[in-house]
Amino acid sequence: MRYLLLSSCLLMLVGCSSVYKNLQPATGDINYIGKFRPDFRLALYKTEVDVVGHHLSGLLLIKTLPDSSVRIVFSNEVGFKFFDFEFRPDGGFKVYYVVKQMDKKPVIKTLKKDFELIMLREQDIRNGYLGKDDHALYYIIKRPKGFFCYVTDKEGTELERMEISSPRKPIVQAIMRNYKNGVPDTIGITHKNFSFAIALKRIER
Amino acid sequence: MHKTILFLLITISSYTLKGQTTGYTPVANLAKFTEQFATIAQKTETIKSDFLQEKNLSMLSEKISSRGKFWFKKENMLRMEYEKPYEYLMILNKDNMYIKDGKKESRVSVKSNKIFQQINKIIVGCVQGAVFNNPDFKMNAYENKGVYMVELVPVAKVLKEFFKNIDITIDKKDYSVTTIVMNENSGDNTTLHFTNRELNTPIPDALFAVK
């Protein structure tokens, strides 16, 4: 029994560290990654979603309210709303509306995590650490079941990609490109473990 | 019991308030109104119009506006082309639907999708007047000096999930639909304003081709 427990603990330790285990430790301020945090005061994106053979398109509105909570509303071009989520500054999350077909725990959980990744929220970043390899710097944030990881070039000037990783491998990869006044013009989120991709292109109003 | 009375009072007062604030009174002769609307709609072979769509997100105090062109041809052909601030094309041709979103094209059989069936019924029904006889809605009609306002309250379960009610404003001069407001249960709504309407100008069928 003792051996079983010991080997389980060892497995867990190996498992936890395996995804970014080959990185060398790096020094620096974890909060530095916050400079890539999008300033989503008000942004509207033309949105395309491809999910297991189905294609959805619409408009995604992101707005920060006076109490600093961020609302994300997705509706189709004709006006039918798919969902309306709220991300509170204290880390809380509320579903104001979700269309019946999407009202499933795993769907909401997946979307919540994806948006949290691209929001680079301060409370998420606080407990991270840095790693590096020959090409890039890795800002790694421990999450309950894995990691968020933000990868920049060696100098930390470009955000190359973002990842949601299980303890063993990246399961979501995302990019944010062409910031204008703090707001990325293009956002892409791709899931590796099933066919699910979100593409956002900012609409100038 | 008290709760029931209170609920009734609130319901009644909100309806009265609606009448008072907007200056509408119930349509005096409903049969005449629907008959006249149907007569005009019967003579309408085609409609070409510009539209402005506004999605009002009440809790966010935010409005998403888009503009485009609207074409209708009897019996059941509809084309809505969104031009600004994004491009999006939707064609309904009887039971088929075609969507062009950027470079992506998709075709859907309206029959296979209850929601599309209802969208089709509502928009085409508004234009043709058939929506007033749609058993999926309970109809209330009001009027003021210049317009009729028809309120459609969904009865069908699938529609109740999406809409609280749909308000259609009809110009008294020519019985043209000027505005459709689709109110959601959340307080948000989507409004379609129609302007620059041209009636019965020839529109080729090719415009509604579901390729």
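These figures come from a predicted structure and were not determined experimentally.

Caption draft 1: Examining the overall build of chain B more closely. Check the secondary structure of chain B and you find four helices and 12 strands. Here the contacts in chain B between residues at least 6 apart in sequence split such that 41% fall between residues at least 24 apart.

Caption draft 2: Spatial organisation of the overall build of chain A. Across its full length, chain A holds three helices and 13 strands. For a compact globule of 205 residues, the expected C-alpha radius of gyration is about 17 Å, and chain A comes in at 18 Å, within 12% of that figure. Over its C-alpha atoms, taken along the principal directions, chain A stretches across nearly 60 × 40 × 35 Å. Counting all 205 residues of chain A, 25% fall into the buried class.

Caption draft 3: Examining the interface of chain A and chain B more closely. The interface is formed by 21 residues belonging to chain A together with 21 residues belonging to chain B. Looking at the side of chain A that touches chain B, the element that brings in the most residues is strand S3 (residues 54-64) of chain A, giving five residues. For the side of chain A that touches chain B, the residue count by class is nine nonpolar, four polar and eight charged.

Caption draft 4: Main features of the pairing of strand S11 (residues 177-183) of chain B. Residues and elements named next belong to chain B. Note that strand S10 (residues 165-171) and S11 share six bridges and pair antiparallel. Across the sheet, Ile166 pairs through a bridge with Met182, a residue of S11. With five bridges joining them, S11 and strand S12 (residues 189-199) adopt antiparallel strand pairing. Across the sheet, Thr179 pairs through a bridge with His193, a residue of S12. From the end of S11 to the start of S12, which pair antiparallel, there are five residues, and Gly187 there has a positive phi angle of about 105°.

Caption draft 5: Just the confidence of the model for chain A, in detail. Considering every residue of chain A, the mean pLDDT works out to 89; 91% of them sit at 70 or more. Low pLDDT, under 50, characterises residues 1-16 of chain A; the stretch is placed with three contacts to residues that sit more than four places away or in other chains.

Caption draft 6: Geometry of the environment of A:Arg143. Residues and elements named next belong to chain A. Its place among the elements puts Arg143 in strand S8 (residues 136-143). Judged by local crowding, Arg143 falls into the partly exposed class, with 16 C-beta atoms found within 10 Å. Considering only alpha carbons, one finds Arg143 and Ile33, 110 residues apart in sequence, at a separation of 17 Å.

Caption draft 7: Highlighting the nonpolar core. A:Leu60, A:Leu61, A:Tyr139, A:Cys149 and A:Tyr150 are the most contacted members of the largest nonpolar core, which totals 38 residues. Here this core takes five residues from S8(A), the largest share from any one element. Residues in contact with A:Leu60, not counting those within four places in the same chain, are A:Tyr45, A:Thr47, A:Ile72, A:Phe74 and A:Leu200. One finds B:Phe72, B:Met77, B:Ile170 and B:Leu192 within the second-largest nonpolar core, a separate group that totals 35 residues.

Caption draft 8: Main features of the sheet that holds strand S5 (residues 88-93) of chain B. Reading across the sheet, the 12 strands line up as S1-S8-S9-S10-S11-S12-S2-S3-S4-S5-S6-S7 (chain B) and stay open at both edges, with antiparallel pairing between neighbours. For this open sheet the edge positions go to strand S1 (25-26) and strand S7 (104-109) of chain B, each flanked by a neighbour on one side alone.

Caption draft 9: Representation of helix H2 (residues 105-119) of chain A in the model. Residues and elements named next belong to chain A. Over its 15 residues, H2 extends 21 Å from the first C-alpha to the last, a length consistent with the 21 Å expected when each residue adds 1.5 Å. Among the residues of H2, those classed as buried are Leu111, Asp114, Phe115, Leu117 and Ile118. Projected onto a plane normal to the axis of H2, the buried residues spread over an arc of 155° and lie on a single side. Those residues of H2 that are exposed and aimed more than 90 degrees away from the buried face are Lys105, Pro106 and Lys109. Directly beyond the C-terminal end of H2, a positive phi value near 45° is found at Leu120.

Caption draft 10: Layout of unusual backbone geometry. Residues and elements named next belong to chain B. A cis amide bond, omega 0°, links Lys74 with the succeeding residue Glu75. The omega angle of the peptide bond from Lys84 to Pro85 is 0°, so this bond is cis rather than trans. With respect to the helices, strands and loops of the structure, Pro85 is situated in the loop between strand S4 (77-84) and S5. Its identity as a non-glycine residue notwithstanding, Ser61 has a phi of 50°, on the positive side. Its location among the elements puts Ser61 in the loop between strand S2 (46-57) and strand S3 (62-73).

Caption draft 11: Local environment of the environment of B:Arg79. Residues and elements named next belong to chain B. By secondary structure assignment, the location of Arg79 is in strand S4. Exposure remark for Arg79: the 21 C-beta atoms within 10 Å place this residue in the buried category. For Arg79 and Ser176, which are 97 residues apart along the polypeptide, the C-alpha to C-alpha distance reads 18 Å. Once residues lying within four places of it in the same chain are set aside, the contact partners of Arg79 are Trp71, Ile91, Leu207 and Phe208.

Cut-off values and rules
- Residues numbered from 1 in each chain as written.
- Chains lettered and ligands numbered in written order.
- Predicted model: local features only at pLDDT ≥ 70, side-chain atom pairs only at ≥ 80, totals over all residues.
- Helix = DSSP H or I, 4+ residues; strand = E, 2+ residues; numbered from the N terminus.
- Contact = placed C-beta atoms within 7 Å.
- Rg over C-alpha atoms; globule rule 2.2 N^0.38 Å.
- Buried ≥ 20, exposed ≤ 12 C-beta atoms within 10 Å, placed from the backbone.
- Nonpolar A, V, L, I, M, F, W, Y, C, P; charged D, E, K, R; others polar.
- Pairing = 2+ DSSP bridges.
- pLDDT = per-residue confidence, 0-100.
- Core = buried A, V, L, I, M, F, W, Y, C linked by C-beta atoms within 7 Å.
- Expected span 1.5 Å × (residues − 1).
- Arc of directions from axis to C-beta.

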